[in-house]
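One-letter residues, chain by chain:
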Amino acid sequence: MDVIESIARDIKSSGHVIAFTGAGISAESGISTYRGQGGIWNKYDPNIYANIDTFLRDPTYYWNFFRDVRYPMVKNAQPNPGHRALAELEKMGKLRAVITQNIDELHQQSGSKTVVELHGTTRKYYCLKCHHRFDFDDAYEISGKTIPPPCSKCQGMIRPDVIMFGEPLRTDVLRAAFDEAEACDFVLAIGSSLVVYPAADIPARAKRRGAKLAIINKDETPMDEVADHVLREASGSVLPAIVERLGSL
Ligand code: ZN
């Protein structure tokens, strides 16, 4: 039996399946990964461009990065077959939730309904003073005129709804993610190097509780040894194959 078949069979016999996704799945949609070769943080020091203390002192770095790099990259990205396969799995009633480290909303765009965004979203913005919310295009439009862009209601400072370096994850979001880790009996960990904590503790905790773990990632991860299945392949080709196989079981 091949690995795809084994994963499909395990999903079929599981009662509560979750997916945990990282930058690798978005990379297949053209969004650069953060670490490793070609990673965004090799070119843009995150302690300057994505750190909360730097941002509050001088948001210029972030907004230049947003305007020149992040906006065009995320704006042009489309969900890939891996995202769509997960949405399909949810529609089939076999996937309870996607817990993601990604901030691009590609899961939602592909049709996934239950998405836990551990690190927030770069597609939403809000004013620190009056809490007025701005969408992705609004933020781009305002930052095209002035950097840093002032709130159009009160001139206050606008920030992205992402968790920046130096900020804790939101407790309600973490709770939702760990509730899933406690309840699931199968985890698909996709495109994550499984090294960023506390995010990586979600599949780890599920595994410790006895859930089965499948890792789909192009590179080795520290959890490969304890995983039940490991596929070092592109999620865009593997996930549709798993869903297809599942449909024929
Ligand atoms: Zn405001």
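Residues numbered from 1 in each chain as written. Predicted model: local features only at pLDDT ≥ 70, side-chain atom pairs only at ≥ 80, totals over all residues. Heavy atoms only, no water.

1. Some remarks on helix α10 (residues 171–183)
Between its first and last C-alpha, α10 extends 18 Å over 13 residues, near the 18 Å set by a 1.5 Å rise per residue. Every buried residue of α10 is accounted for by V173, L174, A177, F178, E180 and A181. Along the axis of α10, the buried residues cluster in a sector spanning 150°; they form a single face. Across from the buried face of α10, at angles greater than 90 degrees, the exposed residues are T171 and R175. Turning to α10, the residues buried within the fold contact β1 (17–21), β2 (97–100), β3 (115–117) and α11 (201–208). (Helix = DSSP H or I, 4+ residues; strand = E, 2+ residues; numbered from the N terminus. Expected span 1.5 Å × (residues − 1). Buried < 20%, exposed > 50% of the residue type's maximum accessible area, 1.4 Å probe, protein only. Arc of directions from axis to C-beta. Contact = heavy atoms within 4.5 Å.)

2. Regarding the domain arrangement of the protein chain
As far as domains go, the protein chain holds domain 1 (1–30 + 79–119 + 169–249) and domain 2 (32–76 + 120–162). For domain 1 and domain 2, the distance between their C-alpha centres works out to 28 Å. Contacts between domain 1 and domain 2 engage twelve residues on the former and 14 residues on the latter. Buried surface at the junction of domain 1 and domain 2, summed over both partners, amounts to about 1,000 Å²; 50% is from carbon and sulfur atoms. A salt bridge links E105 to K124, with the nearest nitrogen and oxygen atoms 2.7 Å apart. (Domains from an automatic or database assignment. Buried area = accessible area lost by both parts, 1.4 Å probe. Salt bridge = Lys/Arg side-chain N within 4 Å of Asp/Glu carboxyl O.)

3. Side note on the packing of aromatic side chains
In this description, a pair of aromatic rings is defined by centroid distance and the angle of the planes. Under the definition given, this model contains 18 aromatic pairs. Centre to centre, the rings of Y34 and W41 are 5.2 Å apart; their planes meet at 35°, and the pair counts as tilted. Exposure class is identical for Y34 and W41. Each is buried. When the ring of F66 is compared with that of Y125, the centres are 5.4 Å apart and the planes differ by 65°; the resulting orientation is edge-to-face. (Phe/Tyr/Trp six-rings, centres within 6.5 Å; stacked < 30°, edge-to-face > 60°.)

4. A look at unusual backbone geometry
A cis geometry characterises the amide bond from I147 onward to P148, with omega recorded as -5°. For P148, the location among the structural elements is in the loop between α9 (136–145) and β6 (158–162). Put simply, Y197 and P198 share a cis peptide bond, and its omega is 5°. By the secondary structure assignment, P198 is in the loop between β7 (186–190) and α11. Positioned with a positive phi, Q155 is a non-glycine residue whose angle comes to about 70°. Here Q155 lies in the loop between α9 and β6. We note that L194 has phi near 55°; this positive angle belongs to a residue other than glycine. Within the fold, L194 resides in the loop between β7 and α11. On the basis of relative accessible area, L194 is assigned to the buried category, the value being 2%.

5. Quick look at the sheet that holds strand β4 (residues 120–127)
Spatially, the three strands line up as an open sheet ordered β5-β4-β6, and their pairing is antiparallel. One side of each edge strand has no neighbouring strand; the edge strands of this open sheet are β5 (133–135) and β6. Averaged over all pairs of adjacent strands, the angle between their axes in this sheet comes to 35°, without regard to strand direction. As defined by bridge partners, β4 adjoins β6 across five bridges and the pair is classed as antiparallel. Of the residues in β6, the one forming a bridge with Y125 is P160. Set on the sheet, helix α6 (residues 60–75) makes contact with β4 and β6; between it and β4 the angle comes to about 135°. (Pairing = 2+ DSSP bridges. Axes fitted to C-alpha atoms, helices over the stretch in contact; angles between N-to-C directions.)

6. As for the pattern of salt bridges
Tallied over the full model, the rule gives 16 salt bridges. Note that R170 is salt-bridged to D172, the shortest N-O span being 2.8 Å. Each of D2, E5, R9 and R245 takes part in one network of salt bridges that share partners.

7. Section: empty space enclosed by the protein
Applying the stated rule across the entire model yields two cavities of 30 Å³ or more. Looking at the largest cavity, its volume works out to about 50 Å³. As for the largest cavity, its lining consists of I31, Y34, I40, R70, M73, V74, I103 and D104. Ranked by residues supplied to the lining of the largest cavity, first place goes to α6 with three residues. Residue composition of the lining of the largest cavity, by class: six nonpolar, no polar and two charged. (1 Å grid on protein atoms, 1.4 Å probe; cavity = no way out; pocket = protein on both sides within 12 Å on 5 of 7 lines; lining within 4 Å. Points joined across faces, edges and corners; volume = space filled by probe spheres on them. Nonpolar A, V, L, I, M, F, W, Y, C, P; charged D, E, K, R; others polar.)

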